[in-house]
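Each chain, letter by letter, is given below.
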Amino acid sequence: MAITVISVNDAPTGTNATITVTEDGSRSFAAADFGFADASDSPANALSAVIITTLPLAGTLTLSGTAVTAGQSIAVASLGNLVYAPAANGNGTGYASFGIQATDGEDWSNGALLSFNVAAVNDAPTLLAVPDQTLPEGNTFRVTLAGSDVDGAVLRYVLDQAPVGASIDASSGVISWLATDGPLLAPFAAHVEDAQGAASAAVQFVVSVSNVAPVLTVGAVGAAQVYVGDTLALSLAASDAGSDSISQWRIDWGDGTQSTVPGSATQASHVYAAALSGARIQVSAVDEDGVWAAPVLVRNILARVVTPPPQPEQEDEKEHEKEREDERDEEREQERDKEREKERDREEGREGRGHDSELHQPRGFGDNGMPRYSTRFDDNRRDDFVHMVDQSQNRPE
């Protein structure tokens, strides 16, 4: 009796496998990656498809760019489109795994795990962008660069491009620069690197420096009143926030006259030829960036009052008037001498005639300076008084 053994299909087997992937890299698959074997069949059957039984907990698993779902069957012809990628900057042994089952077209293998080790690589540091900046001349520009490294490496900051005088602190990333003059566009470029030499992309920005007008100080020197023919002097001074210097002073004196002096001058002066009310004096300074006006000074130019010299006719008249006054004084003195002489004569007459005190004592003097006597006499003395008066009047002078 003959026995015929009929061949049946035996289920394939699956084994665990481990694949190494580079950090920030990815891995596509082939049939050999899934640990498929069909040793029990002769001839052995080939892998027909795989089922993804569980998904990885870290990273992504996609088929032709579409995320795979648990239980999804993938034909062997499509395994080249199956891709696993660890998360960005993820690394480590036993980083992730997913479950699989394989089939020979009839039976399914036992379950197996496909695991991933992700090999770490040095990551270049990154540097945040810096916006363009503006500031006035004479000020210091400062900015702090912000770099980072996922590997936690010590960073060093490098200045690739900058104007003369700029500096950077390699450890803190602080950039400093004194903007001495404007207007100016100053380009900067910098990067950050780690100890292994991995460098970030360079960041670039521009600092716009604006010009600042000089401060002009102009004042009048000397007396507050200005007269025609006098010299009006102005004091000139300037200060600039940047490095600009005054090359020339220009003065409009307000009377149609303009003058210039070198920028190093500290004074300017002018003589006004005519009186002028409210002369507007405009002073301007010239430097590398333009012409700058100081506040207007206003001054009244006064006419000088001149006393004319005395004329000859006036001098003669004054002299004649003085002579006449002297003559009058002499005449009055002569009159007074005569009166004094008469008075002495009267006194002598009274003494000689023995008149009592009432007769020769004057009561006072009149407006003309003559002595005034009392006329109150008794009848016995009247004749003597009349005789005395007649005698004084007839006496030669």
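Read on for an overview of the structure. Computed from a predicted structure; not experimentally measured. (Residues numbered from 1 in each chain as written. Predicted model: local features only at pLDDT ≥ 70, side-chain atom pairs only at ≥ 80, totals over all residues. Heavy atoms only, no water.)

1. What to know about the pairing of strand β5 (residues 49-54)
Just so we agree on the cut-off: Pairing between two strands requires that DSSP report at least two bridges joining them. By the criteria applied, helices consist of DSSP H or I runs no shorter than four residues and strands consist of E runs no shorter than two, each listed in order from the N terminus.
As defined by bridge partners, β5 adjoins strand β8 (residues 72-75) across four bridges and the pair is classed as antiparallel. By the bridge assignment for β8, alanine 49 is matched with alanine 75. One ladder, built from five bridges, connects β5 with strand β10 (residues 92-103); its direction is antiparallel. The partner of threonine 54 across the bridge, within β10, is glycine 99.

2. Some points on a negative patch on the surface
Let me state the cut-off plainly: Within this analysis, patches are made of residues with over 30% relative accessible area and no salt bridge. Like charges are joined at 9 Å or less; nonpolar side chains (Val, Leu, Ile, Met, Phe, Trp, Tyr) at 5 Å or less. Only the protein chains shown count as cover for residues, and all accessible areas are computed by the Shrake-Rupley method using a 1.4 Å probe. Here a salt bridge means any side-chain nitrogen of Lys or Arg lying within 4 Å of a carboxyl oxygen belonging to Asp or Glu. Neither His nor the chain ends contribute to the count of charged residues, in which Lys and Arg are positive and Asp and Glu negative. Charge coordinates come from a single atom per side chain, which is NZ of Lys, CZ of Arg, CG of Asp or CD of Glu. Partly exposed describes any residue whose relative accessible area lies between the buried limit of under 20% and the exposed limit of over 50%, with all areas from a 1.4 Å probe on protein chains only and scaled to the type maximum.
Together, Asp316, Glu319, Glu323, Glu327, Glu330, Glu331 and Glu335 give the surface a local cluster of negative charge. Within the fold, glutamate 323 resides in helix α1 (residues 312-353). Assessed through its relative accessible area of 41%, glutamate 323 is described here as partly exposed.

3. Describing the nonpolar core
Heads up, the condition is: In this description, a nonpolar core means a group of buried Ala, Val, Leu, Ile, Met, Phe, Trp, Tyr and Cys residues linked to one another through side-chain atoms lying within 4.5 Å. Any two residues whose heavy atoms approach within 4.5 Å at even a single point are treated as in contact.
In terms of nonpolar packing, the biggest core is built from 23 residues, with Phe29, Phe34, Ile52, Leu61, Leu82, Phe98 and Phe116 touching the most fellow members. Counting residues per element, this core draws most heavily on β10, which supplies five residues. If we ignore the near neighbours within four places in the chain, the residues touching isoleucine 52 are Leu61, Val68, Thr69, Ala70, Gly71, Gln72, Ile74, Leu82, Phe98, Gly99 and Ile100. By size, the runner-up hydrophobic cluster in this structure holds 21 residues, among which are Leu234, Val261, Ala265 and Ile301.

4. Digging into the sheet that holds strand β23 (residues 231-239)
In any sheet, the strands associate via hydrogen bonds between backbone groups, in a parallel or an antiparallel arrangement. Using the following cut-off: Between the N-to-C directions of two axes lies an angle of 0 to 180 degrees, each axis being a line fitted to C-alpha atoms and, for a helix, fitted only over the stretch in contact.
One open sheet accounts for three strands, arranged β21-β23-β26; its pairing is antiparallel. Looking along the sheet, the strands with just one partner apiece sit at the ends: β21 (215-221) and β26 (267-271). Going across the sheet, the axis of each strand differs from the next one's by a mean of 20°, ignoring polarity. Pairing between β23 and β26: five bridges, direction antiparallel. Considered in β26, the bridge of alanine 233 is made with serine 269.

5. Overview of the pattern of salt bridges
Scanning the model with the defined rule gives 14 salt bridges in all. A salt bridge links glutamate 193 to arginine 156, with the shortest nitrogen-to-oxygen separation between them at 2.3 Å. Taken together, the residues span a long stretch of sequence, with glutamate 193 in strand β19 (residues 184-194) and arginine 156 in strand β16 (residues 155-161) at a distance of 37 residues. Since its relative accessible area comes to 44%, arginine 156 is described here as partly exposed. A salt bridge links arginine 324 to glutamate 321; the shortest N-O distance between them is 2.9 Å. Here arginine 324 and its partner glutamate 321 are both found in helix α1, three residues apart, which amounts to about one turn of the helix. With a relative accessible area of 34%, arginine 324 lands in the partly exposed category. Using a relative accessible area of 37% as the deciding quantity, one classes glutamate 321 as partly exposed. The network of salt bridges with shared partners includes Glu321, Arg324, Glu325, Arg328, Asp329 and Arg332.

6. A few points about the packing of aromatic side chains
Inclusion rule: Side-chain rings of Phe, Tyr and Trp (the six-membered ring for Trp) are treated as a pair once their centres are within 6.5 Å; stacked means planes under 30 degrees apart, edge-to-face means over 60, and tilted covers the remaining angles.
For the structure shown, the criterion picks out nine aromatic pairs. Taking the centre distance of 6.1 Å and the plane angle of 45° together, the rings of phenylalanine 141 and phenylalanine 205 count as tilted. Of this pair, phenylalanine 141 sits in strand β14 (residues 139-144) while phenylalanine 205 sits in strand β20 (residues 203-210), and the two are 64 residues apart along the sequence. With respect to class, phenylalanine 141 is no different from phenylalanine 205; both count as buried. Among the aromatic residues, those joined into a cluster by ring pairs are Phe29, Phe34, Tyr84, Phe98 and Phe116.

7. What about the sheet that holds β20?
Spatially, the four strands line up as an open sheet ordered β13-β20-β19-β16, and their pairing is mixed. Only two strands of the sheet have a single partner each, and these edge strands are β13 (133-136) and β16. The mean angle between the axes of side-by-side strands here comes to 30°, regardless of whether they run parallel or antiparallel.

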